[in-house]
Amino acid sequence: MSDLYTDFAADYEWLFADDVVGSSPVPGATSSAGRDLLNAALATLAPGAPVLDCACGIGTDALAMAQRGFTVTATDGSSSMVARASERLAASAGQVTVLQSMWQDLPGRLTGRFDLAICLGNAIVHTGSTPAMVESLESIGDVLGPEGKLIVDSRNWELMYSSWPRIITAPQVRARRGLRCTCLYIWTIPESFDCPCQAEIVFLFEDQAGELSHHRYELTFQPFGHADLRKAVEAAGFQITADPFDPAAHSYAIMARRA
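None of these values were measured; they are calculated from a predicted model. (Residues numbered from 1 in each chain as written. Predicted model: local features only at pLDDT ≥ 70, side-chain atom pairs only at ≥ 80, totals over all residues. Heavy atoms only, no water.)

A. The arrangement of the packing of helix α7 (residues 130-142) against helix α9 (residues 226-235) in detail. At a closest axis distance of 8 Å, the pairing of α7 and α9 adopts a crossing angle of 45°. If you check the angle between α7 and α9, you find them oblique. When the axes of α7 and α9 are compared, the crossing they make is right-handed. On α9, the residues that touch Met133, Val134, Leu137 and Glu138 of α7 are Leu229, Ala232, Val233 and Ala235. Of the residues that constitute the contact of α7 with α9, the class distribution is seven nonpolar, no polar and one charged. (Axes fitted to C-alpha atoms, helices over the stretch in contact; angles between N-to-C directions. Helix = DSSP H or I, 4+ residues; strand = E, 2+ residues; numbered from the N terminus. Parallel < 35°, antiparallel > 145°, perpendicular 65-115°, else oblique. Left-handed = near helix turned anticlockwise from the far one by under 90°. Contact = heavy atoms within 4.5 Å. Nonpolar A, V, L, I, M, F, W, Y, C, P; charged D, E, K, R; others polar.)

Below, the structure written as structure tokens:
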């Protein structure tokens, strides 16, 4: 994955409500599908246990886990996201290590072994293919301890391709630092999983003078089905332990442990 988020990282926080990107987030707040699995997994860990957020984005979940008392390593493939995460996590420097790393490079970059690894925020789709997904998941598994667990989430691409949404708007307008913002996804979805889909993410800003501006980003995704992710997780050497998949839900998460 190239750094798809070079400029997007600066606006990324506007995708989330204040309580998600604030100073005291809840673990899993960025993933409605993965929140319950994550909190259940954290409840089984010893205080100070080593955990890995290997798709940390701007650091929201890493911060939440550090505030819960865990020793957190936060990585992301995007240098821009890592820079934002480093700013957000600066106050927790004693409990959080932040570095840029692609998933396949994790075994060579990290010397410790983790009790839990999370890959949330629909990040795994950026692998781009099933073989690359398996390779990435294998690398995540290589940095887990013998009883280590993995939680990975995904957008429900089967629902997307069956419902063909064109425009999806944010649930509310958000106000921060003298700006009001709403965001929308404009989707271009083909008829088959054989073809990738494109999302145009548009942030509409209104300043205190009422003047409007916008930022626009284009992302391309190669979709996969729920069964495809399950097979990739198992092919990477994991045993799935929880999979509360709902075909009608917009996202889902899977928890697994090293086989």
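B. Representation of a negative patch on the surface. A cluster of acidic side chains, namely Asp105, Glu135, Glu138 and Asp142, defines a negative patch on the protein surface. Residue position: Glu135 is located in helix α7. Looking at Glu135, the relative accessible area reads 43%, which means it is partly exposed. (Patch = residues over 30% accessible without salt bridge, like charges linked within 9 Å, V, L, I, M, F, W, Y side chains within 5 Å. Areas by Shrake-Rupley, 256 points an atom, 1.4 Å probe, with all protein chains shown as cover. Salt bridge = Lys/Arg side-chain N within 4 Å of Asp/Glu carboxyl O. Lys, Arg positive; Asp, Glu negative; His and termini not counted. Charge placed at Lys NZ, Arg CZ, Asp CG, Glu CD. Buried < 20%, exposed > 50% of the residue type's maximum accessible area, 1.4 Å probe, protein only.)

C. Region of interest: the pattern of salt bridges. Under the definition given, this model contains eight salt bridges. Its salt-bridge partner being Arg176, residue Glu13 comes within 3.3 Å of it at the nearest N-O pair. Taken as a pair, Glu13 in the loop between α1 (8-11) and α2 (18-21) and Arg176 in strand β7 (residues 174-176) lie far apart in primary sequence, 163 residues in all. Assigned by exposure class, Glu13 and Arg176 land together as buried. For Arg230, the salt bridge is made with Glu234, and the minimal N-O distance between the two is 3.8 Å. Here Glu234 and Arg230 lie together in helix α9, a separation of four residues that amounts to about one turn.

D. Geometry of the side chain of His226. On the secondary structure map, His226 appears in helix α9. Given the relative accessible area of 12%, His226 is considered buried. Once residues lying within four places of it in the same chain are set aside, the contact partners of His226 are Glu158, Asp243, Phe245, Tyr252 and Ile254.

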